[in-house]
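# A look at the structure
Below, each chain spelled out in residue letters.
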Amino acid sequence: MLCTILIEGLVYGIMVTGLFCSYRVLNFCDMTVDGSFPLGAAVLAECLVHGLPTSLALLIAFCAGIAAGIITSTIYAKLRIPDLLAGILTMTMLYSVNLRVMENKANISLLRVPTLFSNITDFMYDKFPSIENPEWGIVVFLIIFVLILKALLDLFFHTDMGLTMGALGANPQLVISQGVNPTVLRTIGICFGNGLSAVAGAFAAMYSGFADIGMGSGIVVSGLASLMLGEFVLRSNKIGLQTLRVLIGSCIYRALMILIRNYGRYVRITPNDLKLMTGILIIICLAVTRFDLINRIKNREAKK
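What comes next is a walk through the structure. (Residues numbered from 1 in each chain as written. Predicted model: local features only at pLDDT ≥ 70, side-chain atom pairs only at ≥ 80, totals over all residues. Heavy atoms only, no water.)

For the protein, the helix and strand inventory stands at 12 helices and two strands. In the protein, the succession of helices and strands from N to C terminus is α-α-α-α-β-α-α-α-α-α-β-α-α-α. On C-alpha atoms alone, the protein measures out to a radius of gyration of 20 Å, which is about the 19 Å that the 2.2 N^0.38 rule sets for 304 residues. Taking the principal axes of the C-alpha coordinates as reference, the protein spans close to 65 × 45 × 35 Å. Of the roughly 15600 Å² of accessible surface on the protein, 65% is carried by carbon and sulfur atoms. Placing the 23 positive and 17 negative side-chain charges of the protein at their respective mean positions leaves the two points 10 Å apart. (Helix = DSSP H or I, 4+ residues; strand = E, 2+ residues; numbered from the N terminus. Rg over C-alpha atoms; globule rule 2.2 N^0.38 Å. Areas by Shrake-Rupley, 256 points an atom, 1.4 Å probe, with all protein chains shown as cover. Lys, Arg positive; Asp, Glu negative; His and termini not counted. Charge placed at Lys NZ, Arg CZ, Asp CG, Glu CD.)

Below you can see the structure in the form of structure tokens.
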């Protein structure tokens, strides 16, 4: 179970990292992720079925996510449509696009197609025949991949562009007064976030063994739950700890969902209740955060 928790936590943690860039850094409510996540899975599946190498398929999936982000940013900036509605429009359009990418199939199986994860498990079988679960090789790969991604993100947010992007989410007028084009900066952040979401979808397709048109249903809600859980567990203003708590929150959320799936029957909870549990979890996190904020304000006023 621990292996499954780590794999799912790290795979979906890549998606939550993209949500962190849009929701927390840019303060942009981006619903495009519900469409870009299955887009990455669909693109990767089609590329692998047609014989392309996995590395190239992942790169194409990342570029497809970037294209989805460009559409959302263009709708928001050029047509003056609110960010939430712009993301919903792109997400809705991507449903048809994903079906087109998968050649009008709702599901593409990857069980007979060599993938990066299947190659890793085959390698573990050959080199370490005594190991009980060869999926630990996937865990090692994902840890290395996620740590490299986190290090690059930390370095970026310490550059001038990264600091300006953070300032754009907190105070757009300040960025505009400094002569920076907020549209370009916002587009970069949105595109990067959706690119990461598409890569996460590609990894999820390789792990589950199929790409499905419904893979993105509710993915934003689960990502926000992971984001809030991480913020509840680890509170800090340092960017390194903020990116770390994203991954921690994702692993905690996936652990809770797996526990509910496996042992929820003992308390009369079925897998059909997972979305209900996710919504309740978000409400609890928001309520606890709100009460904590109120208590902090009261304590400051009492000290004054």
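Within an α-helix, residues lying three or four positions from one another point in the same direction, as the helix has 3.6 residues per turn. Look at helix H4 (residues 83–101): 26 Å from first C-alpha to last across 19 residues, which is about the 27 Å you get at 1.5 Å a residue. Of all the bends in H4, the greatest, near 25°, is centred on Tyr95. The elements touched by buried residues of H4 are helix H2 (33–49) and helix H3 (54–78). Immediately beyond the C-terminal end of H4, within one or two residues, lies Glu103, with a positive phi of roughly 60°. (Expected span 1.5 Å × (residues − 1). Bend = angle between axes of the 7 residues up to and from the residue. Contact = heavy atoms within 4.5 Å.)

This part covers the pattern of salt bridges. Overall, the coordinates contain two salt bridges when judged by the stated rule. Across the pair Glu231 and Arg24 runs a salt bridge, and its minimum N-O distance is 2.5 Å. With Glu231 in helix H10 (residues 219–233) and Arg24 in helix H1 (residues 2–25), this pair connects stretches of sequence that are 207 residues apart. Overall, Glu231 belongs to the buried group, its relative accessible area being 18%. Close ionic contact of Lys150 with Asp154 constitutes a salt bridge, the shortest N to O distance being 2.7 Å. Of this pair, Lys150 and Asp154 are both found in helix H6 (residues 136–156), four residues apart, which corresponds to roughly one turn of the helix. Just as Lys150 is buried, Asp154 falls in that class too. (Salt bridge = Lys/Arg side-chain N within 4 Å of Asp/Glu carboxyl O. Buried < 20%, exposed > 50% of the residue type's maximum accessible area, 1.4 Å probe, protein only.)

This part takes up the side chain of Thr32. Secondary-structure assignment places Thr32 in the loop between H1 and H2. Separated by 2.5 Å, the side chains of Thr32 and Asp30 make a polar contact. (Polar contact = N/O pair within 3.5 Å; in protein donor to acceptor, adjacent residues only side chain to side chain.)

Of all hydrophobic cores here, the largest spans 69 residues; its most connected members are Met15, Phe37, Leu44, Phe157 and Phe203. Ranked by the residues each element gives to this core, the list is headed by H1, at 13 residues. Within the second largest apolar cluster, 10 residues are counted, among which are Leu229, Tyr253, Ile282 and Cys285. (Core = buried A, V, L, I, M, F, W, Y, C linked by side-chain atoms within 4.5 Å.)

Just distances and angles here, no functional claims.
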